[in-house]
Amino acid sequence: MTAVDARPQGQVESGLLFPAGFRWGTATAAYQIEGAAAEDGRTPSIWDVFSRTPGKVRNGDTGDIAADHYHRMREDVALMRELGVSDYRFSVSWSRVQPTGRGPAVRKGLDFYRRLTDELREAGIRPVATLYHWDLPQELEAAGGWPHRETAERFAEYAGLVAGALGDRVATWTTLNEPWCAAFLGYGSGVHAPGRTEPAAALRAAHHFNLGHGLAVRALRAALPGAAEVSLTLNLHAIRPLSGAEADRDAARRIDALGNRVFLDPVFHGRLPKDLVADTAGLTDWSFVRDGDLAVASEPIDSLGINYYSPTVVGAGTSESPSPWPGAEDRVRFVPAPGPRTAMDWPVDADGLYELLTRLRDELPEVPLVITENGAAYDDYADPSGAVHDPERVAYLHAHLAAVHRALVDGVDVRGYFLWSLLDNFEWAYGYGKRFGIVHVDFATQRRTPKDSARWYAEVVARGGLAGPSEG
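Calculation notes
Residues numbered from 1 in each chain as written. Predicted model: local features only at pLDDT ≥ 70, side-chain atom pairs only at ≥ 80, totals over all residues. Heavy atoms only, no water. Helix = DSSP H or I, 4+ residues; strand = E, 2+ residues; numbered from the N terminus. Buried < 20%, exposed > 50% of the residue type's maximum accessible area, 1.4 Å probe, protein only. Pairing = 2+ DSSP bridges. Axes fitted to C-alpha atoms, helices over the stretch in contact; angles between N-to-C directions. pLDDT = per-residue confidence, 0-100. Contact = heavy atoms within 4.5 Å. Phe/Tyr/Trp six-rings, centres within 6.5 Å; stacked < 30°, edge-to-face > 60°. Lys NZ or Arg CZ within 6 Å of the ring centre and 35° of its normal. UniProt positions renumbered as here; feature names shortened; annotations may be inferred. Polar contact = N/O pair within 3.5 Å; in protein donor to acceptor, adjacent residues only side chain to side chain. Parallel < 35°, antiparallel > 145°, perpendicular 65-115°, else oblique. Left-handed = near helix turned anticlockwise from the far one by under 90°. Nonpolar A, V, L, I, M, F, W, Y, C, P; charged D, E, K, R; others polar. Salt bridge = Lys/Arg side-chain N within 4 Å of Asp/Glu carboxyl O. Expected span 1.5 Å × (residues − 1). Bend = angle between axes of the 7 residues up to and from the residue.

The next thing to look at is the environment of R107. Looking at the secondary structure, you find R107 in helix α5 (residues 107–122). Owing to a relative accessible area of 55%, R107 belongs among the exposed residues under this scheme.

To continue, consider the sheet that holds strand β3 (residues 23–27). Judged by pairing direction, the barrel is parallel, and its eight strands sit side by side in the order β3-β4-β5-β6-β7-β9-β12-β13 before closing back on the first. The mean inter-strand angle of the sheet, taken between neighbouring strand axes irrespective of direction, is 25°. Looking at chain direction, strand β6 (residues 172–177) and strand β7 (residues 229–234) are connected through four bridges and run parallel. Bridging from a neighbouring strand, T172 pairs with E229 of β7.

Averaged over every residue, the pLDDT of the chain is 96; the share at 70 or more is 96%. Segment residues 1–7: pLDDT under 50, and 21 contacts once partners within four positions in sequence are set aside and those in other chains are kept. Below pLDDT 50 for its whole length, residues 9–13 participates in nine contacts with residues either more than four positions away or in separate chains.

For the structure on display, the rule yields 34 aromatic pairs. A centroid spacing of 5.4 Å and a plane angle of 90° characterise the contact between Y31 and F426, whose relative ring orientation is edge-to-face. Note that Y31 is positioned in helix α1 (residues 30–33) and F426 in the loop between β13 (414–420) and β14 (439–442), a separation of 395 residues in sequence. Just as Y31 is buried, F426 falls in that class too. Pairing Y132 with F209 gives two aromatic rings, centres 5.9 Å apart and planes at 45°, and the pair type is tilted. Placement of Y132 in strand β5 (residues 126–132) and of F209 in helix α9 (residues 199–223) is noted, with a sequence separation of 77 residues between them. Put simply, the rings of Y31, W47, F50, W134, F426, W428, Y432 and F443 pair up and form one aromatic cluster. When the ring centre of Y354 is taken as origin, the NZ or CZ atom of R406, which lies over that ring, is 3.6 Å away.

Following A193, the chain continues to P194 via a peptide bond in cis, the omega torsion being 5°. Position of P194 relative to the elements: it lies in the loop between α8 (179–189) and α9. That bond from S321 to P322 is cis: its omega, 0°, falls within 30 degrees of zero. One can find P322 in the loop between β10 (312–316) and β11 (332–335). Unlike most non-glycine residues, W286 shows phi in positive territory, near 60°. The residue W286 is located in the loop between α11 (274–279) and α12 (293–297) in this model. Phi at D345 takes a positive value of approximately 65°, unusual for a residue other than glycine. Looking at the secondary structure, you find D345 in the loop between β11 and α13 (351–363).

Mapped onto this numbering, the UniProt entry annotates "active site" (unreviewed entry) at E373. Mapped onto the secondary structure, E373 falls in strand β12 (residues 369–373). Given a relative accessible area of 3%, E373 falls into the buried group. Sequence-distant contacts of E373, that is, excluding residues within four places in its chain, are made with R89, H133, N177, E178, I306, N307, Y308, Y309, F418 and W420. Among the polar contacts listed, one links the side chain of E373 to the side chain of R89, at a separation of 3.4 Å.

On to the packing of α8 against helix α10 (residues 246–269), then. Axis separation between α8 and α10 bottoms out at 10 Å; the angle between their running directions is 130°. As judged from the angle between their axes, α8 and α10 are oblique. Considering how the two elements wind past one another, α8 and α10 form a crossing that is right-handed. Between α8 and α10, the contacting residues are P179, W180 and F184 on the first element and L258, G259, V262 and F263 on the second. Among the residues making up the contact of α8 with α10, the classes are represented as six nonpolar, one polar and no charged.

Let us look at the packing of α9 against α10. At a closest axis distance of 10 Å, the pairing of α9 and α10 adopts a crossing angle of 35°. The hand of the α9/α10 crossing is right-handed. On α10, the residues touching L203, A206, N210 and H213 of α9 are L258, V262, F263, P266 and V267. Tallied by class, the residues present in the contact of α9 with α10 amount to seven nonpolar, two polar and no charged.

Residue position: T175 is located in strand β6. T175 sits 61 residues away from L236 along the chain, and the two C-alpha atoms are 16 Å apart. When sequence neighbours within four positions are dropped, the list of residues in contact with T175 reads L131, Y132, F155, H213, A216, V217, L220, S231 and L232.

Next up on the list: the pattern of salt bridges. Enumeration according to the criterion identifies 46 salt bridges in this entry. Linking E150 and R102 is a salt bridge whose minimum nitrogen-to-oxygen distance equals 3.6 Å. Residue E150 is located in helix α7 (residues 149–166), and its partner R102 is located in the loop between α4 (94–97) and α5; the two are separated by 48 residues in the primary sequence.

So, about α10. Its 24 residues give α10 an end-to-end C-alpha distance of only 27 Å, which falls more than 12% under 34 Å, the value for a rise of 1.5 Å per residue. Within α10, the axis deviates most sharply at R261, by approximately 60°. Taken across its 24 residues, α10 has 17 buried, putting it largely inside the fold. Two residues or fewer after α10 comes G270, characterised by a positive phi angle close to 65°.

This is the structure:
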């Protein structure tokens, strides 16, 4: 991965400039925007099945049409060109490319991503491909899903197929997006697909995500040119104990093990956290971790992607069940952080991002970082003139980019920032009721309208940094 200048270009009265070569991007995910759920050979993923299960998604919404990106891709790339972004992070739909999760790829599925990446390159935008953003082919879930070891092996095969088809077009690859959510929300609390509430299975899934990541890294290295960048994206938790009391600090330690070190330690150190194994001994003996697995999980990568939205505050106590925190339900309670909140009821706290980045600087000093998701949902709407004003989102983004700049000044090697999200989309279990996009989508007509935040971000990209608060 090519390094940018080590420090920001400067700090001037009008704002904050970022390093030369800093990558300014935006991001989406396949199931959230593509639609075309049954076209050109695509078969159901776990999210198709989950969203069609009564009571699982608000208003019974599904991703069958979503933002219809499959048919409006060129329009969406044109919007990115207008923004002036250097990079676009998208995900590949596994069941569009390899419908059963086994065997040969479907040509029409790969052709869509060939057209997308060609269109991006023609627009001067670097494609950044994520191989897995939660949409496991349903046939693999029926065979056991991520708690089953074979899924990790099938994932590596799929990675090799996609890399073989797009390796001449895509130079940056991410294996997994937020495996914590996929493992612990999907198999622990059941609020995400596939909707299972099995604490021990969630821990097995977490391990098999680590194993699948390492196997996929090997498959990518074998299929891609030597200069290709390979990464992993984690939604690490900025965890704060409620107080300095020993019980509160122990609660934070437990959640750090389950939320952060369950992935960081295997991927970067080739080990399981000893305290995690001890904390979860009542659920599993971890015998599903075989000799050599952790060496595979720790295959070297070129960068680490960080998704951040808000901090996590915990204290001693108990949590509701079913919980996405196996083994911690009777020891930890989650406390709302103070301050303003987004439409997701998430606290707005950019200091949490700074804390996370400086922690990683200290623990993984040789690993370049990229902010692969950051953004906010608000209840914005098109006014009678058709304009969409979203000053709260602009303020959120300004504060978090200022936190990234502060981290850069303090020696954190951050290479880029991808705003979530380009488009309003299917927001998982919240359906279409939560809007993260900087482009408003009228889902009845599919009309795209750039919000004020899109224009603001275009100015940030053109400037290479932030204007002063009075201008932001």
